[in-house]
Amino acid sequence: MNNRQLVVDFDLQREDDELVVRVTINNHSQVDLDDWTLKFDLPKAIRPHEGTRLISHIGSHVTLGSSQQTALPSGEQVELVFSGAVSMIQRLSDLPRGLYVSHGEPLAHLRAELGSHNLETIATGRVIPSSGGSTNPHVAASTEIGSAGAGAAADSVTGLQAIVPRPTSTQVSAGVFSVANLLTYHGCAEARLAIVWLTDMLPLECQASETSAAAMDFAINPDLVEEAYLLRIEPQLISIQAADAAGFFNAAATLLQASDAVNNAVRWPCGVIEDRPRFNFRGLMLDCARHFHSKDTVLRTLDLMAQFKLNRFHWHLTDDEGWRLEIQAFPQLTERGAWRGEGEVLEAQFGTGPGRYGGFYSRDDVQEVVSYAAARQIEVIPEIDIPGHSRAALKSCPELLVEEADASQYCGAQLYTDNVLNPALPATYQFLHTVLDEVCDLFPGEYVHLGADEVPDGVWQQSPACSEFMAEHGYESAHELQGHLLRDLQAYLASKGKKLMGWEEAVHGDKLDHTATVNAWGGIPIGTELANAGYGVVACAAPFAYLDLAWDENAFEPGYYWAGTCDLATCYGYEPTTPELTHDGAHRMIGMQAVLWSELVREPAELEYMLFPRLLAMAETAWTAPSDKDLSNFVARLPFQLTRLELQGVVHRRLDDR
Ligand code: ACM
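Overview of the structure. (Residues numbered from 1 in each chain as written. Predicted model: local features only at pLDDT ≥ 70, side-chain atom pairs only at ≥ 80, totals over all residues. Heavy atoms only, no water.)

A word on the overall build of the chain. Within the chain, the secondary structure is distributed over 18 helices and 34 strands. In terms of overall size, the chain behaves like a compact globule, its C-alpha atoms giving a radius of gyration of 27 Å where 658 residues would be expected to give roughly 26 Å. A principal-axis box enclosing the C-alpha atoms of the chain has dimensions of 85 × 65 × 45 Å. Counting over 658 residues, the chain shows a buried share of 58%. Considering only contacts in the chain between residues 6 or more positions apart, those separated by 24 or more positions represent 73%. Summing over all exposed atoms, the chain offers an accessible surface of approximately 24800 Å²; the carbon and sulfur share of this is 49%. (Helix = DSSP H or I, 4+ residues; strand = E, 2+ residues; numbered from the N terminus. Rg over C-alpha atoms; globule rule 2.2 N^0.38 Å. Buried < 20%, exposed > 50% of the residue type's maximum accessible area, 1.4 Å probe, protein only. Contact = heavy atoms within 4.5 Å. Areas by Shrake-Rupley, 256 points an atom, 1.4 Å probe, with all protein chains shown as cover.)

Written out as C-alpha cells, the structure is:
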C-alpha cells in the first residue's frame, strides 16, 4: 500500500453554532474505487450533511459514504461534509486519524494520508507558527543531553540538594564518598532489594562484607516509620537506617539520584538526609487497553517510577478497545478481544487503521511484570474495568454475556452503545468469578480494581432480565443494579483475601462495604466526600493528575483537554486534601496517583512525553509534606533530574516554551 495514493484534505469552518468539516478524498492511485467508504477515528458526535452518509460510528470509528457518488475513479476526488460541536476539533490531537478507504468486492482497504488542513484558522489556543504541524518543538530527548529544557543549568542545584521528591530534611556537608569498581556493604535481610537494585543500576560490583570493613552499612532502626529512612554519607562510609525493606529501598532511590559516575568511579556528596513519605500509596495508572504498550515499555515505566519513589502500578488491562490479559478459561478474550481492525471483532480505534492491531500480556508476561515491580517495591494493581468499558469482553464472548432481548439504548462518553455487562445474568457472575480466580492467582497484591466508571444513563432499562431482577430485589435504579454486582464481587474478592478498588462511581447504589478503596477522579471535593463517608481514597483529580491532558493551550500540544490543560505548575499545585476532611477521613485518604489514559498515546516516546516531567511533580506531592513543597524550589531541581532522565534516553516535555 502506498500512502500517497489516497490523500484526504480537511477544511474546517465555524458556521453558526457548529463546526462544519469538508472532507476531500483525492484518489491519486491507479485504481478506480467502487463502492467505497471512508473510515477514520474521531471520538466526537457528528451529523452528516446532505449527500454524505454516516454509515456507522462505533466508539471513535467513523464510516462515511456518499449518497451520490459510489465510484471514485482514479484521478478524481469526492467531497463529504459533516458537522459537530464547535469544540469538536480544536487541536492537532483532535483531527481524524487512521484514515482509510474500504472498497470493492471482496473488500480491500487502502490507507489514506492526511493532506492539508486549516486547523490554524479555527484553533482556539495559541498556535505555533507553522513548521509542518506534526512536529512537536517541545520534545527533548537523549539527543539533547544537558539541554534539560529549563534554561536554568547555571544556577541549578545538583546531588543531594536536587532529590525529587524533596526529602524531609537535607544537610549537605563538605567532602565526597568515592568508590571505584568494588563497593563493599554490610546488609540485613530487609536491605536485600535495595542492594540488588543499587548493584543493578550502578557501574560497580557490590560485595557483602563484615560491618567494620564495609563502605556501605544498612541497619534496622525500629524507631523510624514505615518507608522512612535515614541516610548519612561520609567520606569513608555511607550508612542507611530504616525500619523496613521499603525504607531501605527509598534510601537507594535517593542514592541513585545523587550518584555521579565519573571515570569508573561513583561519587556521592557528603551529607545527611532524613526522609519519610506523606502517603504510603503513591501511584501511576497506565492504560494499556486503548493502545497496547509492550511488556518492555511497562518494565521501563516501572523502573522510572521506582526512581521517584512511586510504589503502586495501577494496570488498566481491559477496556472497550482491548482485553489485554490472558485468561486461560476464556482464551477468546485475547484471541478476539485483544485485536482491532478489519475482520476483527473490534473495529479500528484511535488511529490504528485497517490492519490487525493489538496485543496482550501472557501469564508469563504478567508474572515477569509483577516480580519486576516487586523487586522495586511496587505493588501491581490489576484493573478489569466492569460493568461499563466492557466492549472487548462482550464482543469476545457474546454468546455468554449478551442478553439478546435487551433493547436498552444508551450512549456513553466514548460513544459506545453496546459496552456494558448485564448484572442480571447469572453468566455475568460466572464469567467474572472465573476471571477473578485467575487475576487473584496472578497478582499477589492487596487490591483488585474493578473499574465501575462511566456506566451510561439508559443502560439496562429495556432488559427483561434486569426488570425481573430489580423487581425481585426491590431495586429502583440502575445504580442499584451496578451496586449489586460490585457487592457480589467485593465479597468474592474478600473470600480470596483481596480488597476491591474502583473508580469513584463504584459507590453508586451504595452497596459496597467500607473496605472498598476508590480513585477520586472527578475533582478534589469528591475525594473528601468519599473519605469522610468511610471509603479509602486514592486521589487522582483529573485536572491535575490526568497526564493525558495537554500541557497548555497550544493547538499543537498533544493531549486531551476536557478537564482543562495541565502544565507543570498546575500538576505540582495539586493538593488532594481539603479543610472539610474529618480526622478519620484524613486517615482514609491513603494516597494519590497520576493517570495516563492512552487514547492518544501509542508509542513509548509519546508515553514518556506525557509523563515527564509531570510525573515528578505528582511524585513530589505524594511524598513530600505540603509545608515542604515549593514550586520554584522544585523547578530548580528539575534540570538535574531531566539530565538524568535524558541520559537514560527518556523523552520529556521541555520546560521552556519557544
Ligand atoms: C475515568 O476517567 N473514566 C475514570
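This part covers the packing of aromatic side chains. In total, this model carries 19 aromatic pairs according to the counting rule given. For the pair Phe330 and Phe431, a centre-to-centre distance of 4.9 Å together with 50 degrees between the ring planes defines the contact as tilted. Pair noted here: Phe330 is in the loop between strand S25 (322-323) and helix H5 (332-335) and Phe431 is in helix H9 (residues 426-442), with a separation of 101 residues, a long-range link. Like Phe330, the residue Phe431 is buried in the burial classification. With centroids separated by 4.5 Å and ring planes inclined at 20 degrees, the aromatic side chains of Tyr572 and Phe634 adopt a geometry described as stacked. Of the two residues, Tyr572 is situated in helix H14 (residues 568-572) and Phe634 in helix H18 (residues 631-647); the sequence distance between them amounts to 62 residues. No difference in accessibility class separates Tyr572 from Phe634, as the two residues are buried. Among the aromatic residues, ring-to-ring pairing joins Phe292, Phe313, Trp315, Tyr361 and Phe443 into one connected group. Looking at Arg356, its charged tip hangs above the ring of Trp339, at a distance of 4.0 Å from the centre. Directly above the ring of Tyr572 sits Lys629, whose terminal nitrogen or CZ lies 4.3 Å from the centroid. (Phe/Tyr/Trp six-rings, centres within 6.5 Å; stacked < 30°, edge-to-face > 60°. Lys NZ or Arg CZ within 6 Å of the ring centre and 35° of its normal.)

Those residues of helix H12 (residues 524-533) lying buried are Gly527, Thr528, Leu530 and Ala531. Residues of H12 that are buried sit in contact with strand S31 (517-520), strand S32 (536-539), helix H15 (583-588) and strand S33 (589-596). With its phi angle positive at about 115 degrees, Gly534 sits one or two positions after the end of H12.

In contact at an axis separation of 11 Å, helix H17 (residues 614-623) and H18 are set at 125 degrees when each is read in the N-to-C sense. Considering the angle they form, H17 stands oblique to H18. Helix-helix and strand crossings are classified by hand; for H17 and H18 the assignment is right-handed. Contacts from Leu616, Ala617 and Glu620 in H17 reach Phe634, Arg637, Leu638, Gln641 and Leu645 in H18. Residues of the contact of H17 with H18, tallied by class, amount to five nonpolar, one polar and two charged. (Axes fitted to C-alpha atoms, helices over the stretch in contact; angles between N-to-C directions. Parallel < 35°, antiparallel > 145°, perpendicular 65-115°, else oblique. Left-handed = near helix turned anticlockwise from the far one by under 90°. Nonpolar A, V, L, I, M, F, W, Y, C, P; charged D, E, K, R; others polar.)

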